[in-house]
Amino acid sequence: MKYFIGNWKMFGVPRSINILNKINSFRSRDKNRNKYRVIITPPYTLIESFVKHFRNKKIMIGSQNCYQKDQFSSNTAAVSPYMIRSVGAKYTLVGHSDNRSEGDTDLMLRDKVKFALRNNLKVIFCIGENKSQKKNNKTFSTLRRQLTKVLKKEFNKKNIIVAYEPIWSIGTGKIPNQKDLLKTSIHIKKVLKTIFRKNSPAVLYGGSVDENNIDMFREIKEIDGFLIGGASKSSKKFIDIIKNYYR
Ligand code: 13P
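The sections below set out a description of the structure shown in this document.

Parameters at a glance
- Per chain, residues are indexed from 1 in the order of the written sequence.
- The predicted origin of the model limits local features to residues at a pLDDT of at least 70 and limits the giving and counting of side-chain atom pairs to 80 or more, whereas totals for whole chains, interfaces and linings rest on all residues.
- Values shown for side chains rest on all heavy atoms present in the structure; no hydrogens or waters enter the calculation.
- For every residue, the accessible area obtained with a 1.4 Å probe (protein chains only) is divided by the maximum for its type, and the residue is called buried under 20%, exposed over 50%, and partly exposed between those limits.
- Runs of E in the DSSP output that reach at least two residues are strands. Runs of H or I that reach at least four are helices, and both are numbered from the N terminus.
- A strand pair is defined by DSSP finding two or more bridges across the two strands.
- A clockwise course of the path from the first strand over the helix to the second, judged with the strands pointing away from the viewer, identifies a crossover as right-handed.
- Whether two residues touch is decided by their heavy atoms; if any such pair falls within 4.5 Å, the residues are in contact.
- Note on terminology: near, applied to a residue and a molecule or strand, indicates that one of the residue's heavy atoms is within 4 Å of it.
- Polar contact is the term for a pair of N or O atoms within 3.5 Å; when the atoms are in protein, one must be able to donate a hydrogen and the other to accept it, and sequence-neighboring residues count only if both atoms are side-chain atoms.
- Using a 1.4 Å probe, accessible areas were evaluated by the Shrake-Rupley method; residue-level cover was limited to the displayed protein chains.
- Ring pairs shown here join Phe, Tyr and Trp side chains whose ring centres sit within 6.5 Å, with only the six-membered ring taken for Trp; geometry is labelled stacked below 30 degrees between planes, edge-to-face above 60, and tilted in between.
- Criterion for a charge above a ring: Lys NZ or Arg CZ within 6 Å of the ring centre, and within 35 degrees of the ring normal.
- Buried residues of nine kinds, namely Ala, Val, Leu, Ile, Met, Phe, Trp, Tyr and Cys, make up a nonpolar core once their side-chain atoms join them within 4.5 Å.
- A fitted line through C-alpha atoms serves as each axis, taken over the contacting stretch for helices, and the angle formed by two N-to-C directions is quoted from 0 to 180°.
- Reported orientations rely on four angle classes, namely roughly parallel under 35 degrees, roughly antiparallel over 145, roughly perpendicular from 65 to 115, and oblique for the rest.
- Throughout, a crossing is termed right-handed when the near helix is turned clockwise from the far one, and left-handed when it is turned anticlockwise from it by less than a right angle.
- Under the grouping applied here, Gly and all other residues not named as nonpolar or charged are polar, the nonpolar ones being Ala, Val, Leu, Ile, Met, Phe, Trp, Tyr, Cys and Pro and the charged ones Asp, Glu, Lys and Arg.
- As defined here, a cavity is a set of points on a 1 Å grid over the protein atoms alone where a 1.4 Å probe fits but cannot get out. A pocket is an open set with protein on both sides within 12 Å along at least five of seven lines, and residues line them when an atom is within 4 Å of a point.
- Grid points are joined across faces, edges and corners, and a volume is the space filled by probe spheres set on the points.

### Here's the deal with the pairing of strand β7 (residues 202-206)
- With respect to burial, β7 is a largely interior element, 5 of its 5 residues being buried.
- Covered by surrounding structure in β7 are A202, L204 and G206 together with V203 and Y205, the residues of both alternating faces.
- Bridge count for strand β6 (residues 160-164) against β7 is 4 bridges, and the pairing is parallel. Its bridge partner lying in β7, V162 is registered against V203.
- Taken together, β6, helix α8 (residues 178-196) and β7 constitute a β-α-β crossover, and its handedness is right-handed.

### So, the environment of N213
- Mapped onto the fold, N213 is located in the loop between β7 and α9 (214-218).
- By relative accessible area, which is 14% here, N213 ends up buried.
- A C-alpha to C-alpha distance of 26 Å links N213 and T92, two positions 121 residues apart in sequence.
- Residues contacting N213, with those up to four places away along its chain left out, are I175 and S208.

### Observations regarding the site of the ligand
- Near the ligand the following residues occur: N7, K9, H96, E165, S169, I170, G171, G207, S208, L227, G229 and G230.
- In the environment of the ligand, an oxygen atom lies 3.0 Å from a nitrogen or oxygen atom belonging to the side chain of N7.
- G230 has a polar backbone atom sitting 2.8 Å from an oxygen atom of the ligand.
- Protein burial of the ligand: of its 310 Å² of free accessible surface, 95% is covered by the chains.

### As for the packing of aromatic side chains
- Applying the stated criterion across every chain, the model contains 13 aromatic pairs.
- Measuring from ring centre to ring centre gives 4.8 Å for Y205 and F217, while their planes differ by 25°; the resulting arrangement is stacked. Taken together, the residues span a long stretch of sequence, with Y205 in strand β7 and F217 in helix α9 at a distance of 12 residues.
- For F217, a relative accessible area of 0% gives the class buried.
- Feature note: the residues F4, Y36, Y164, Y205, F217, F226, Y245 and Y246 constitute an aromatic cluster, connected by ring pairs.
- Sitting over the ring of Y36, R27 keeps its end group 5.4 Å from the ring centre.

### Section: the nonpolar core
- Counting residues in hydrophobic clusters, the biggest one holds 60 residues, and the most contacted among them are F125, L147, L151 and F226.
- Counting residues per element, this core draws most heavily on α8, at 6 residues.
- In contact with F226, other than residues within four places in its own chain, are Y3, F4, I5, L204, Y205, V209, I214, F217 and Y245.
- Listed in part, the 12 residues of the second largest apolar core include I39, Y91, C126 and L204.

### A few points about the packing of helix α1 (residues 17-29) against helix α10 (residues 235-245)
- Where α1 contacts α10, the two axes come as close as 9 Å, and the packing angle between them is 25°. As summarised for this structure, α1 and α10 are arranged roughly parallel, according to the angle between their axes. Seen from above, α1 lies across α10 with right-handed handedness. On α10, the residues that touch I19, K22, I23 and F26 of α1 are S235, F238, I239, I242 and K243.
- Looking at the contact of α1 with α10 residue by residue, the classes come out as 6 nonpolar, 1 polar and 2 charged.

### Some remarks on the layout of surface pockets
- Considering only enclosed or pocket space, the largest pocket measures out at about 380 Å³ in volume.
- In terms of lining residues, the largest pocket is bounded by 15 residues, among which Q64, N65, D98, N99 and E102 are the most central.
- Among the residues forming the lining of the largest pocket, the class breakdown is 5 nonpolar, 6 polar and 4 charged.
- Residue lining of the second largest pocket: 17 residues in total, with K57, K58, I59, M60 and K90 positioned closest to the centre.
- For the lining of the second largest pocket, the secondary-structure elements that each account for two or more residues are β2 (36-41) and β3 (59-63).
- Broken down by element, the lining of the second largest pocket gets its largest block of residues, 3 residues, from β3.
- The residue makeup of the lining of the second largest pocket, split by class, is 7 nonpolar, 3 polar and 7 charged.

The analysis is restricted to geometry; functional conclusions fall outside its scope.
Below you can see the structure in the form of structure tokens.
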């Protein structure tokens, strides 16, 4: 099973559901539809209405983040995994670099993953090195640290997906070369195996994926899917990514 996940970030108002309607109608006609899953993470404001609209359809809705506490608390503007699950979301991103750069620590991320799983959310856990870590050959050690500090062997690995998003690639149009990406995805799976033993979670790639460069990623079988930012805000681009992937 492959994943095509659209992360809308700070984008979308109620009428933006039209984008998803188009993706859904493409998917329902696509002969490859049983080979992949489509998940969209809109902002909090749209989760409930999108979940209701796509109930019984094949687009799944997730959250872009969650707070590191379980149910209710006195943290202004925070939204807990329990609250996200209560409106029907099935997934949540955790550890996106946007949120790491705003102060999310490994300890906070571990609680986010723990409480999300406890509330029956599947977790898409994001990791990735920045430009200087890449330049200084620190990619592997950075990813290892990000994974081992947060993911614990007692977590239910069936409900965890890892998204590798090199920070230097997000929104820049720059993507890793094929050889590096292959090596890195093998490294990530190896580290995951040391944590979870057999059957590592799925590993996705994210960072400037679009309808033109998807051909390059298609050849790397270790990559189980994609976390797509900018190109997920256009139904045409998102659909073309899927079309070109299975061409
Ligand atoms: P872009 O596809 O816009 O580079 O964003 C990637 C991303 O951050 C998805 O979470």
